[in-house]
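Coordinate inspection notes
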Amino acid sequence: MTDIPAVPELLDHAVTELGGSRREGQLAMATAVAAAIDDDVHLAVQAGTGTGKSLAYLVPSIRHAVESNDTVVVSTATIALQRQLTERDLPRLSKALAKPIGREPTFAILKGRANYLCLNKIHSGVAEEPDTELFDAFELSRTGREVTRLREWVSDTETGDRDDLPQGVSDQSWRQVSVSSRECLGANNCPYSEDCFAEIARRKAGASDVIVTNHAMLAIDAMSPATILPEHKVVVIDEAHELVDRITSVTTEEISAAGVSQVARRCGKLIDDETADALVGAGEQLGILLEDSPAGEWVRLPNGAGEILASLRDRLWNARSSIGPARQGSAGTDPEAAAARQMAMSSADSMHDAVVRVLTMFGEKDITKRYDVVWKSVDDFRNNTRHVLRIAPLSVAGLLRTSLFTDSTVILTSATLTIGGNFDALARTWGFPPQGGSPDSTAVEGAGWRGMDAGSPFDYPKAAILYVAGHLPPPGRDGLSPKTLDEMVGLMEAAGGRTLGLFSSMRAAKEATEKLRDRVDFPILCQGDDATSTLIKKFADDERTCLFGTLSLWQGVDVPGSSLRLVMIDRIPFPRPDDPLLSARQRDVDARGGNGFLTVSANHAALLLAQGAGRLLRSTSDKGVVAVLDSRLATARYGGYLMAGLPPFWRTRDPKPVVAALRRLASS
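So, the overall build of the protein chain
- Looking only at helices and strands, one finds 26 helices and 21 strands in the protein chain.
- Taking 668 residues into account, the globule formula puts the C-alpha radius of gyration at 26 Å, and the protein chain, at 27 Å, falls close to it.
- Its C-alpha atoms give the protein chain principal-axis dimensions of about 80 × 65 × 50 Å.
- Across the protein chain, the fraction of contacts at a sequence separation of at least 24, relative to all contacts at a separation of at least 6, is 75%.
- Here the protein chain displays about 29,800 Å² of accessible surface, and carbon together with sulfur accounts for 50% of that area.
- When the 73 basic and 87 acidic side-chain charges of the protein chain are each reduced to a single mean position, those positions are 4 Å apart.

Here is the structure:
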């Protein structure tokens, strides 16, 4: 189609139809997205809360998809944004654009195969045996009830999508009725392929103008030799500040005694006893090794680890090679046998590849030339201790550069993408060359990519105060100081409650909750007391209520209005010094002549700090205070760098005008 109106005209039409008003930042972003698609240049766009960024990238994306008959992929980090796009934004926008475009644009959501019910697994009766480390009679009983409910749900659901389940179930229960992509028999071999929920979703996506997916699926598609997403030339990555962490998570592998035991159980009936026993023995040796090893990064293999891992590798391969062909039934391949065989082969392959990856990494003696990081973790779950060896990439920049950014034009957007005043910090993690300089309302172009700040509709200096408590003692390891607790009480009382407390650890959040509940006259909710969504609703519904919590609240709270007047941050959210992956990344930067602390730890903190501060203003009528109770933001050399990534609130270190402003807001 060649007679589709230009993006500014389409955007004006959509905004009018949806009952909105013209926003200059939204128009600037939409125009930049359209230009990037036309020029085949990657674009990073920082668009503050209230800009209307979803519409700003959807309108040019839809126009491109319809005009070129090409699918556009929109990737998000969270289920909440996926639902917002597919249940609210896209249905309304498609209807609004139907007349000027000439037809109603189509859209679909596509998730990983493990998010859908597997009809073959349900009907064949193939089930996971319980993890021996988590064996508990109550848990088994609950799992049984949930699996029964899932089997009954099959006849009611049209999507088979876990997120459409009326009442949630545990991961253990869901695994009984789902398969990963590696465990799937494939459309050509499965007797239920025509009715397969995952295949139906994929077929619908392939015929749509816009596909909404997640960062994990994007990573799997980029790494997989098989095509998972339909052919596409344009990718929009919303919540792009989380892209690296999500890609890292997908590319992180685990090795544990429980994992080997599961492989052995899956292979048990398909291989001879001698091969099975050898695999079980190798798993037991691994368990002893991990229990005797301290937690933390493995810079070199502990004594005996090389031999144990090599033995495990060989026995996994022997088990994989010994799995016989699927049995033949009266009507061909027995579906139950084929499913069991596929699950066994998949689990053996995955574990074998992970062990090989570890041994290959340690085969490189020069630590500066290694591309992976290996560490031992101790996980506690329901009073069960699990020793796990993990391996993750030191950087995902190369993977992104050679896969995602080579094959598609990519639009990356978020409310917080600049750190220290420019895009360079995140650009490096994506594999882009740095640009330098501060972004403004016009695009600045680097080698193959552009960056722009679409601004915000908020009048930041008039709407909010950034208060840094420079007079408080620096935070230590012994918990919250008495002076810090006194400062919290004073601020919360001035605000009349209405406080979101963001803490660097769950321990600090609980300590503050316990010590402050007796000192203030309004309710304090703490993350973990109930489901996070329930706590946020209670917080929003009662103006006097306060909510304390940690990481998910830094990014997951959207409470406009008078229920939130004070965002209180206990300390700069630096990563834990014993985080093995971030410590290794910091060491790698230092080894290459850079500043590892600034590049890794400070950038991590700056991004979270900006996310936390962004909880305050969610609508143009909001007002309030962001209080950082960490004096290092005012006194340390890196303080200015961290402050550069925060919105331009009116700034002060004097508590008097802050308390006065909060009291005025509380009484208004």
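Here we look at the nonpolar core
- Membership of the largest hydrophobic core comes to 88 residues, with the highest contact counts inside it found for Ile 237, Leu 412, Trp 430, Val 626 and Leu 642.
- Examining the composition of this core, we find that 8 residues originate from one element, helix α23 (residues 596–613), more than from any other.
- Leave out the neighbours within four places in its chain, and Val 626 touches Ile 465, Leu 466, Tyr 467, Val 567, Ile 569, Ala 613, Leu 616 and Phe 649.
- In terms of nonpolar packing, the next biggest core, distinct from the first, is built from 40 residues, Ala 30, Leu 81, Leu 93 and Ile 411 among them.

Considerations on the sheet that holds strand β17 (residues 524–526)
- Pairing is parallel in the open sheet, where 7 strands are placed in the order β17-β18-β16-β19-β20-β15-β21. The open sheet has two free edges, formed respectively by β17 and β21 (650–652), since each of these has just one partner strand. On average, adjacent strands in this sheet sit at an angle of 15 degrees to one another, irrespective of strand direction.
- Of the pairings in the sheet, the one linking strand β15 (residues 464–468) to β21 comprises 3 bridges and is parallel in character. Pairing of Ile 465 across the sheet is with Trp 650, part of β21.
- Packing against the sheet, helix α19 (residues 506–516) makes contact with β17 and β18 (546–549), and its axis sits at approximately 155 degrees to β17.

Brief notes about the pairing of β18
- What you see with β18 is no split at all: Cys 546 and Phe 548 on one side and Leu 547 and Gly 549 on the other are buried throughout.
- Sheet topology places strand β16 (residues 499–502) next to β18; 3 bridges connect them, and they run parallel. Bridge assignment links Gly 501 to a residue of β18, and that residue is Phe 548.

Reading the values: rules and limits
Residues numbered from 1 in each chain as written. Predicted model: local features only at pLDDT ≥ 70, side-chain atom pairs only at ≥ 80, totals over all residues. Heavy atoms only, no water. Helix = DSSP H or I, 4+ residues; strand = E, 2+ residues; numbered from the N terminus. Rg over C-alpha atoms; globule rule 2.2 N^0.38 Å. Contact = heavy atoms within 4.5 Å. Areas by Shrake-Rupley, 256 points an atom, 1.4 Å probe, with all protein chains shown as cover. Lys, Arg positive; Asp, Glu negative; His and termini not counted. Charge placed at Lys NZ, Arg CZ, Asp CG, Glu CD. Core = buried A, V, L, I, M, F, W, Y, C linked by side-chain atoms within 4.5 Å. Buried < 20%, exposed > 50% of the residue type's maximum accessible area, 1.4 Å probe, protein only. Pairing = 2+ DSSP bridges. Axes fitted to C-alpha atoms, helices over the stretch in contact; angles between N-to-C directions.

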